[in-house]
Number of protein chains: 2
Amino acid sequence: MSAARHPADSLSGPAEDYLKAIYDLEQTRGAGAATNDIAQRLDIAAASVSGMIRRLAEHGLIEHEPYRGVRLTPQGRMAALRTIRRHRVIESYLATALGYPWDRVHDEAELLEHAASDELVDRMAAAIGEPATDPHGAPIPARDGSVTERPVIALEALGAGAVAVVARVGDEDAARLRYLAELGILPGARVEVVNRAPFDGPLTLRVDGDERTIGPALAAHVLVATPERSLLGG
Amino acid sequence: MSAARHPADSLSGPAEDYLKAIYDLEQTRGAGAATNDIAQRLDIAAASVSGMIRRLAEHGLIEHEPYRGVRLTPQGRMAALRTIRRHRVIESYLATALGYPWDRVHDEAELLEHAASDELVDRMAAAIGEPATDPHGAPIPARDGSVTERPVIALEALGAGAVAVVARVGDEDAARLRYLAELGILPGARVEVVNRAPFDGPLTLRVDGDERTIGPALAAHVLVATPERSLLGG
DNA sequence: CACAAGGTTTAGGGAAGCCTAAACTTTTCT
DNA sequence: AGAAAAGTTTAGGCTTCCCTAAACCTTGTG
Ligand SMILES: [Mn+2]
Ligand SMILES: [Mn+2]
Ligand SMILES: [Mn+2]
Ligand SMILES: [Mn+2]
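What counts, and where the lines are drawn
Residues numbered from 1 in each chain as written. Chains lettered and ligands numbered in written order. Predicted model: local features only at pLDDT ≥ 70, side-chain atom pairs only at ≥ 80, totals over all residues. Heavy atoms only, no water. Domains from an automatic or database assignment. Contact = heavy atoms within 4.5 Å. Buried area = accessible area lost by both parts, 1.4 Å probe. Salt bridge = Lys/Arg side-chain N within 4 Å of Asp/Glu carboxyl O. Near = heavy atom within 4 Å. Polar contact = N/O pair within 3.5 Å; in protein donor to acceptor, adjacent residues only side chain to side chain. Helix = DSSP H or I, 4+ residues; strand = E, 2+ residues; numbered from the N terminus. Nonpolar A, V, L, I, M, F, W, Y, C, P; charged D, E, K, R; others polar.

For the domain arrangement of chain A, give the residues involved together with the corresponding values.
All names here are of chain A. Domain parsing of chain A yields domain 1 (1–148) and domain 2 (153–229). Here domain 1 and domain 2 have C-alpha centroids that lie 27 Å from each other. Each side of the interface is counted separately: domain 1 has 11 residues, and domain 2 has 12 residues. Interface area, domain 1 with domain 2, both sides summed: about 880 Å², of which 57% is carbon and sulfur. Taken as a group, W102, D103 and H136 account for 63% of the area that domain 1 buries against domain 2, more than any other trio of residues on that side. Along the contact surface separating domain 1 from domain 2 lie 1 salt bridge.

Shown next as C-alpha cells:
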C-alpha cells in the first residue's frame, strides 16, 4: 500500500552499500543475490541482511523471493549505479588529483560515496577529464546509469601460453593491491602465462620481462582481456 | 564507571555537529551553551538535545550542569576543532580547486566533514596552499587544534563614519551569501559606514565606491576588523 | 523417502537519534 | 512573595541497523 512511493533520493549509507553489493553479486553470479553472499560481502550477520532486504523491498528497490534471493528493480539498479559511479569517480579523483596511493582510495571512497553530492562528483569527474575507469580498472557508470563492462576473464582461468592485458583487479584488499603493484600487475600491463602448475598450482607469468609466480587465489582477483576475446567481442 | 574511556576516534556525524555547535556557542556567548540554543542551531527539539548531552557527557566530551548549560572538556574541544578544521578545509578546497560557488560550499562540507579522513583533509589543505581562512573568512584550525581568531566586531555595531575591512561573514544561509556577494561585501572588502539611520534603521555603506544600504539584521552577520582594533590588538 | 546439512527467516533485544507531551526548575514580572 | 513565563529534563515512543538464538525451508545424500 505504501510500497514503492518514497523519497528515493535519500537512501541511507547502509542501504546504498547493500544495493552495490547486490548489483555486484547479480553481475558475477548470473542469478539473484543470496542472503548469505550479501552478508559475507558486507561483513554483517545473515539475519541482519534479511531485515534490510525487507526494507529495501518495501521501498521498491529490490524484489525478494523468500529463500530464493533478491534482484534489483530498475529503480534499485539505478540507485546502485549512482552509488557505484560516485565511488569510482571519487577513487579516480583521489588518485589523480590528490596523489592518493591506489591501495587506499577504496576505503576513503567507501565512506565519501554516501556524503558527496552528484554535483561534487560531476565536478570531480570533469576536473580529471572524465575517466572511463577507476584506478583499479573498473568502468565508471555515466550519469544516466549506462555502463560498458568490457569482456574480461579471470587470469586464473588462462592456460599456459596465453597472453593477455590486465583489465581490472579487485580493490577491496589494500595489502593485495600493494602486492600486485609490486609484481607490476596493474591495469594495462601485458602478462603472459609461462607455466601453470597442475592441481590448482601457482601460475608463472612474464610481466614487463620479469618472471613472477602467483597463486590461483590471487590470480582469481585479476581480470584480463585476451586478444581473441577482444576481437570476437565476447 | 564506563565514562570517558571510549574509542573517541569514532564519533558519529550527529555527535560531531553537536560539538561544533557547542564550541560556537561557547565562543560567542561567553558562558556555557544552553540546551535551547543548541536545539535552535541544529534544528532539533530541545528534548532530543538533552538526550545527546547525556551521551556526550558520558563520553567525557562535555560537562553538564543540569538546567545550567554545557561546556566542552579539553577532549571535547579538540574533537570540535578537528571537525571544524575539516569543514573549513573542505569548503576552501571546493571553492579553490573545484570552482564551487561560495554559497554552496557550506552545505556540501556539512556532510563531507563527517566522512573525510584526516589524511584527505591534509592533502586538500596542502593542494591549495594551506589557506588560513575558509571562503567566508573563518579561520582554519591547525592540525594540533590551535586557532587564531582575529579580533572582529559586527558591522552592525559600527557608527557613522567608521571604516573597516570585512573579515568574515556568516555562511549558513546561501541566499544571504549570494546577496552579500552582489553587494560586494566579501572578506577583504573595505567598507565605510556613510550613514546610520536611528531606531535600528538601515546602514548606508560605501563599498568599492558604490553606496549600498543594508538592514541591521544583515549587518549583524558581517564581522569586520577596524583599523583601531587591528592596531590595539583587541 | 527420510533426514541431515546448509541457508534463510523470525523472534527478541540493544544503541543511536529523533519526536511529543508532561513534569520540573529557574527566571521574571506583578 | 507568589504566580506566570521560559527553559530544561524526563517519560514514553518510533525508526534504522545491528546482534544472537531459534525456527523454518530447501536440498542433497544415504
Ligand atoms: Mn573501490
Ligand atoms: Mn560505502
Ligand atoms: Mn561553513
Ligand atoms: Mn555536519
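Tell me about the protein's contact with DNA strand D, and please be specific about residues and values.
With respect to spatial proximity, 20 residues lie near DNA strand D, and among them A:S12, A:S48, A:R68, B:N36 and B:H64 are the closest. Restricting attention to atoms of DNA strand D within 4 Å of the protein, one finds that 73% of them are sugar or phosphate atoms. Within the side chain of A:S12, an N or O atom sits 2.3 Å from a phosphate oxygen of DNA strand D. Contributing elements (two or more residues each) for the surface near DNA strand D: α1 (13–28) and α3 (46–58) of chain A together with α2 (35–42) and α3 (46–58) of chain B. Tallying contributions element by element places α3(A) first for the surface near DNA strand D, with 4 residues.

Outline the protein's contact with DNA strand C, listing residues and values.
In the vicinity of DNA strand C, 20 residues are found, and the nearest of them are A:T35, A:N36, A:H64, B:S12 and B:S48. Of everything in DNA strand C that lies within 4 Å of the protein, sugar and phosphate atoms constitute 74%. In the environment of DNA strand C, a phosphate oxygen lies 2.9 Å from a nitrogen or oxygen atom belonging to the side chain of A:S50. In the model, a phosphate oxygen of DNA strand C is placed 3.5 Å from a nitrogen or oxygen of the B:Y18 side chain. Among the secondary structure elements, those contributing two or more residues to the surface near DNA strand C are α2 (35–42) and α3 of chain A together with α1 (13–28) and α3 of chain B. Per element, the largest residue contribution to the surface near DNA strand C is 4 residues, and it comes from α3(B). Partitioned by chemical class, the residues of the surface near DNA strand C number 12 nonpolar, 6 polar and 2 charged.

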